[in-house]
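Here's the letter readout for the chains.
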Amino acid sequence: EPEVTQTPSHQVTQMGQEVILRCVPISNHLYFYWYRQILGQKVEFLVSFYNNEISEKSEIFDDQFSVERPDGSNFTLKIRSTKLEDSAMYFCASSAMQGSGYTFGSGTRLTVV
Amino acid sequence: SQKIEQNSEALNIQEGKTATLTCNYTNYSPAYLQWYRQDPGRGPVFLLLIRENEKEKRKERLKVTFDTTLKQSLFHITASQPADSATYLCALHTNAGKSTFGDGTTLTVKP
């Protein structure tokens, strides 16, 4: 079964530092997404990405955040100047097409101290 | 504002019974709706997708219905098993890929 791979599984960073969360989507998928889930809360949409550009983003996805597909396999989320409230599990997902099921990765637990 | 409500935080049922989970939404016109399973500390796992022009979908012991007039989806697990115990999430999606998840319902199936 193809998987979405996320690294690292856990990242601890100092407040104000920049972090890059990495994802390798399923190879033939064309649509990519980032979500976050604060402990005990719901899964929140951050951004969707298709054809090398952002399709949609939420109110959470402000100038602090950016996404990139630097090569044919990786999909990254960069968080600049991290804040304590950025501590959450960040999930990457991919789908083959619009209107098909999403495959989620196992997540990166980001802890900002 | 857009709102999604899943019927209850927790649902306890006996093994072998049918579990029915509800997802209601307001101020939203989704292109499709998905149901996911999430286990503690893990990412959501896709179960079923239903489009706005579909009424019902089935997959093995799972069934989902979608009523865009009532703005409601029902998710059924028949012949439930203890292994079905998990949190179940509904999520509404636009065609552009923006999605909104519900808070989830934690199902416990007792032997």
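All figures in this text were calculated on a predicted structure; none of them were measured in a lab.

Calculation notes
Residues numbered from 1 in each chain as written. Chains lettered and ligands numbered in written order. Predicted model: local features only at pLDDT ≥ 70, side-chain atom pairs only at ≥ 80, totals over all residues. Heavy atoms only, no water. Helix = DSSP H or I, 4+ residues; strand = E, 2+ residues; numbered from the N terminus. Rg over C-alpha atoms; globule rule 2.2 N^0.38 Å. Buried < 20%, exposed > 50% of the residue type's maximum accessible area, 1.4 Å probe, protein only. Contact = heavy atoms within 4.5 Å. Areas by Shrake-Rupley, 256 points an atom, 1.4 Å probe, with all protein chains shown as cover. Lys, Arg positive; Asp, Glu negative; His and termini not counted. Charge placed at Lys NZ, Arg CZ, Asp CG, Glu CD. Pairing = 2+ DSSP bridges. Buried area = accessible area lost by both parts, 1.4 Å probe. Salt bridge = Lys/Arg side-chain N within 4 Å of Asp/Glu carboxyl O. Core = buried A, V, L, I, M, F, W, Y, C linked by side-chain atoms within 4.5 Å. Polar contact = N/O pair within 3.5 Å; in protein donor to acceptor, adjacent residues only side chain to side chain.

Engineer: Where do I start with the overall build of chain A in this structure?
Structural biologist: When helices and strands are counted, chain A shows zero helices and 11 strands. Mapped from its N terminus to its C terminus, chain A presents α and β elements in the order β-β-β-β-β-β-β-β-β-β-β. For chain A, the C-alpha radius of gyration of 13 Å lies close to 13 Å, the compact-globule estimate for 113 residues. Its C-alpha atoms put chain A at 35 × 30 × 25 Å along the principal axes. With 113 residues in all, chain A has 45% of them scored as buried. Sequence separation of at least 24 residues holds for 53% of the intrachain contacts in chain A that already meet a minimum separation of 6. Counting only carbon and sulfur atoms, one obtains 46% of the accessible surface of chain A, whose full area is about 5,600 Å². Distance from the positive charge centre (9 side chains) to the negative charge centre (13 side chains) of chain A: 3 Å.

Engineer: Please explain the pairing of strand 3 (residues 19–24) of chain A as it appears in this structure.
Structural biologist: As a general feature of sheets, a regular strand has side chains that alternate between the two faces. Residues and elements named next belong to chain A. Going residue by residue along strand 3, you find Val19, Leu21 and Cys23 tucked away on one face and Ile20, Arg22 and Val24 left uncovered on the opposite face. Bridge analysis of strand 1 (residues 5–7) against strand 3 gives three bridges, and the strand direction is antiparallel. Each residue of the ladder has a partner; that of Thr7, found in strand 3, is Arg22. Across five bridges, strand 3 lies against strand 8 (residues 75–79) in antiparallel orientation. Across the sheet, the residue bridging to Val19 is Ile79, located in strand 8.

Engineer: Is there a simple way to explain the interface of chain A and chain B in this structure?
Structural biologist: How big an interface is tends to be expressed through the accessible area that disappears when the partners come together. Taken together, the 21 residues of chain A in the interface contact 22 residues of chain B. Taken together, both faces of the contact between chain A and chain B bury some 1,700 Å²; the carbon and sulfur share is 50%. Among the residues chain A hides against chain B, the three largest losses belong to Lys42, Gly99 and Tyr102 of chain A. Together they make up 32% of the total. Counting across the chain A and chain B interface gives two salt bridges. Between Lys98 of chain B and Glu59 of chain A there is a salt bridge, and its shortest N-O distance comes to 3.7 Å.

Engineer: Looking at this model, I keep getting lost on the nonpolar core. Mind explaining?
Structural biologist: Soluble globular proteins tend to pack their nonpolar side chains together in the buried interior. Judged by nonpolar contacts, the single largest core of 24 residues is most densely connected at Ala19, Leu21, Trp35, Phe75, Ile77, Tyr88 and Leu107 of chain B. Mapped by element, the contributors of at least two residues to this core are strand 2 (10–14), strand 3 (19–26), strand 4 (32–38), strand 5 (45–51), strand 7 (62–67), strand 8 (72–77), strand 9 (86–93) and strand 11 (105–110) of chain B. What Ala19 of chain B contacts, discounting residues up to four positions off in sequence, is Leu11, Ile13, Phe75, His76, Ile77 and Leu107 of chain B. By size, the runner-up hydrophobic cluster in this structure holds 21 residues, among which are Phe32, Leu46, Phe49 and Ile79 of chain A.

Engineer: Is there a simple way to think about the side chain of Ser58 of chain A in this case?
Structural biologist: Residue and element names in this part refer to chain A. Among the structural elements, Ser58 can be located in the loop between strand 6 (53–57) and strand 7 (65–68). Residue class for Ser58 comes out buried when judged on its relative accessible area of 9%. Looking at Ser58, its side chain comes within polar contact range of the main-chain oxygen of Phe45, at 2.8 Å. Not counting chain neighbours up to four residues away, the residues in contact with Ser58 comprise Phe45 and Leu46.

Engineer: Explanation requested: the environment of Gln34 of chain B in the structure shown.
Structural biologist: Along the chain, Gln34 of chain B turns up in strand 4. Using a relative accessible area of 0% as the deciding quantity, one classes Gln34 of chain B as buried. For Gln34 of chain B and Cys90 of chain B, which are 56 residues apart along the polypeptide, the C-alpha to C-alpha distance reads 5.7 Å. Each residue touching Gln34 of chain B, except ones within four places of it in the same chain, is listed here: Ser100, Gly101 and Tyr102 of chain A together with Phe46, Leu48, Leu49, Leu89, Cys90, Ala91 and His93 of chain B. In terms of polar contacts, Gln34 of chain B uses its side chain to reach the side chain of Tyr36 of chain B, at 2.7 Å.

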